[in-house]
Amino acid sequence: MAYTPQSPRAGGPRRPAGSRGERPAGGSRPRRSDRNDEEREERRSARPERAPRRFDREDRPARSAGHFERSERPGRVSRRFDGEERSSRPARFDREERSSRGTRSAGRFDRKEPRSNRSGERFEPSRRPAPRAKTADTPERAAAKKSGAIRLNRYIALSGICSRREADELIATGAVTVNGQICTVMGTLVRPEDKVVVGGQKLKAEKKVYLLMNKPKGYITTLDDPQQRHTVMELIGDACSERIYPVGRLDRNTTGVLLFTNDGDMAKKLTHPSHGARKIYHVGLDKPFAKADMEALLKGLTLDDGPVEVDDAEYVEDTHRKEVGVQIHSGRNRIVRRIFEHLGYKVCKLDRVLFAELTKKNLSRGEWRFLTEAEVRYLKMQK
């Protein structure tokens with residue numbers, strides 16, 4: 001399709017046929033490149049002359065002492081020493097001064113004179129004291145150690161009244177007596193049968209022991225029984241030489257977590273209800289536990305010896321509501337059994353699965369283990 005003069009792509013009216021490429025009459029126009037050359041020459045001729053940017057070879061300074069003497073250049077300030085000045089430049093210290101300062105020995109710079117700080121005060125370099133030579137035990141001390149004797153400061157620290165460093169201070173001040181005599185000698189060995197008194201109080205040094213058991217059914221929680229029934233102490237046997245006792249009580253037919261220790265302060269803290277040691281029990285009942293009784297349990301009950309509060313309670317899954325998990329912090333005698341008996345239920349199975357954040361994991365019925373250091377620290381941190 002041919003473009004018409006009115007077509008927008010034609011760019012306006014078209015030239016007559018046969019006139020494309022022809023120049024108008026009246027002579028030929030100069031080319032654009034020729035005009036640009038003429039204008040460029042006119043601008044160059046009108047531009048003022050400039051001084052040469054670089055030095056001529058005759059004006060350029062010669063090399064001396066390995067570099068140009070920049071001070072000879074016009075309009076510049078020398079920033080480096082010339083040959084003569086460089087040779088007379090003061091050094092940090094010459095060899096004579098260097099020899100008087102000291103030499104390097106064993107990887108350190110040993111100075112003959114004491115160093116000084118910015119304020120001018122002289123001080124001697126700190127030196128680590130030489131280690132004390134260990135003294136060999138005499139035959140008497142070696143025999144005493146074999147018999148179970150320990151150092152006096154450790155004996156005092158094991159009693160729980162202070163640390164070893166504080167025990168050293170008590171010994172130095174004469175506040176400690178051993179078998180009725182004042183002892184001020186550090187390193188004195190004492191035996192378990194010795195009588196150690198500090199401030200009028202007789203000490204008994206025992207290592208703190210913490211033992212956890214998964215109590216089985218059929219054992220009572222007591223040290224000895226006049227009726228000659230089985231006790232939990234029979235399960236421990238000779239686990240340790242220290243005299244430990246159970247923390248709290250579990251009924252004869254109750255199983256689960258039971259803690260033993262000789263730390264009286266911790267035992268008192270864990271059993272007192274004001275401290276709130278958490279206990280979780282798995283309770284098995286003779287019939288399904290009704291929802292109304294669950295709501296009454298969570299609200300709180302009043303027994304013969306006063307009100308009792310349950311922190312939490314839930315049904316155990318897939319047990320048809322015959323098993324319930326109960327969380328309490330009360331330590332009253334047979335408290336869990338009495339709660340459900342008050343609601344009209346008989347407890348067929350009672351297992352304590354948690355006590356003060358301790359569980360019976362990896363412990364079969366009747367087995368025991370010592371607590372780890374982390375578990376002991378956690379128990380001591382509880383309020």
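These notes cover the structure that comes with them. All values derive from a computational prediction rather than experimental measurement.

Together, Glu309, Asp311, Asp312 and Glu314 make up a region of like negative charge exposed at the surface. Note on placement: Asp312 falls in strand β19 (residues 312–315).

The subject of this paragraph is the pattern of salt bridges. Taken as a whole and assessed by the stated rule, the structure comprises 11 salt bridges. The partner of Arg334 in a salt bridge is Asp251, with the nearest N and O atoms 3.9 Å apart. Of this pair, Arg334 sits in the loop between β20 (323–328) and α10 (335–342) while Asp251 sits in the loop between β14 (245–247) and β15 (255–261), placing them 83 residues apart in sequence. Taking the relative accessible area as the measure of exposure, Arg334 reaches 35% and is therefore partly exposed. Arg337 is paired through a salt bridge with Asp251; the nearest N and O atoms lie 3.3 Å apart. You can see Arg337 sitting in helix α10 and its partner Asp251 sitting in the loop between β14 and β15, a full 86 residues away along the chain. On the basis of relative accessibility, which here comes to 13%, the residue Arg337 falls in the buried class. Three or more residues joined by partner-sharing salt bridges are found here, namely Asp251, Arg334, Arg337 and Glu341.

With that settled, the discussion passes to the sheet that holds strand β9 (residues 181–182). If you trace the four strands from one edge of the open sheet to the other, you get β9-β8-β11-β12, paired in antiparallel fashion. Edge positions in the sheet fall to β9 and β12 (201–202), since each of these pairs with one other strand and no more. Sheet topology places strand β8 (residues 176–178) next to β9; two bridges connect them, and they run antiparallel. Counted as the bridge partner of Val178 is Gln181 from β9.

What follows deals with the packing of helix α8 (residues 264–271) against helix α11 (residues 373–381). Two elements in contact, α8 and α11, have axes separated by 10 Å at closest approach and are oriented at 65 degrees. Along this stretch, α8 crosses α11, giving a crossing that reads as left-handed. Counted together, Met266, Lys269 and Leu270 of α8 and Val376, Leu379 and Lys380 of α11 form the full contact between these two elements. For the contact of α8 with α11, the per-class residue count stands at four nonpolar, no polar and two charged.

For the rest of this paragraph, the subject is the nonpolar core. Note that soluble globular proteins tend to have their nonpolar side chains buried in a common cluster. In this structure, Val283, Phe289, Ile339 and Phe340 are the most contacted members of the largest nonpolar core, which totals 33 residues. Of all elements in the fold, only β13 (210–215), β15, β16 (279–285), α9 (291–299), β17 (301–303), β20, α10 and β21 (347–355) reach the threshold of two or more residues within this core. Ranked by the residues each element gives to this core, the list is headed by α10, at four residues. Ile339 has contacts with Leu297, Leu301, Leu303, Val308 and Val310, leaving out every residue within four places of it along the chain. Membership of the second largest hydrophobic core comes to 16 residues, among which are Tyr210, Leu212, Met266 and Val376.

Rules behind the numbers
Residues numbered from 1 in each chain as written. Predicted model: local features only at pLDDT ≥ 70, side-chain atom pairs only at ≥ 80, totals over all residues. Heavy atoms only, no water. Patch = residues over 30% accessible without salt bridge, like charges linked within 9 Å, V, L, I, M, F, W, Y side chains within 5 Å. Areas by Shrake-Rupley, 256 points an atom, 1.4 Å probe, with all protein chains shown as cover. Salt bridge = Lys/Arg side-chain N within 4 Å of Asp/Glu carboxyl O. Lys, Arg positive; Asp, Glu negative; His and termini not counted. Charge placed at Lys NZ, Arg CZ, Asp CG, Glu CD. Helix = DSSP H or I, 4+ residues; strand = E, 2+ residues; numbered from the N terminus. Buried < 20%, exposed > 50% of the residue type's maximum accessible area, 1.4 Å probe, protein only. Pairing = 2+ DSSP bridges. Axes fitted to C-alpha atoms, helices over the stretch in contact; angles between N-to-C directions. Left-handed = near helix turned anticlockwise from the far one by under 90°. Contact = heavy atoms within 4.5 Å. Nonpolar A, V, L, I, M, F, W, Y, C, P; charged D, E, K, R; others polar. Core = buried A, V, L, I, M, F, W, Y, C linked by side-chain atoms within 4.5 Å.

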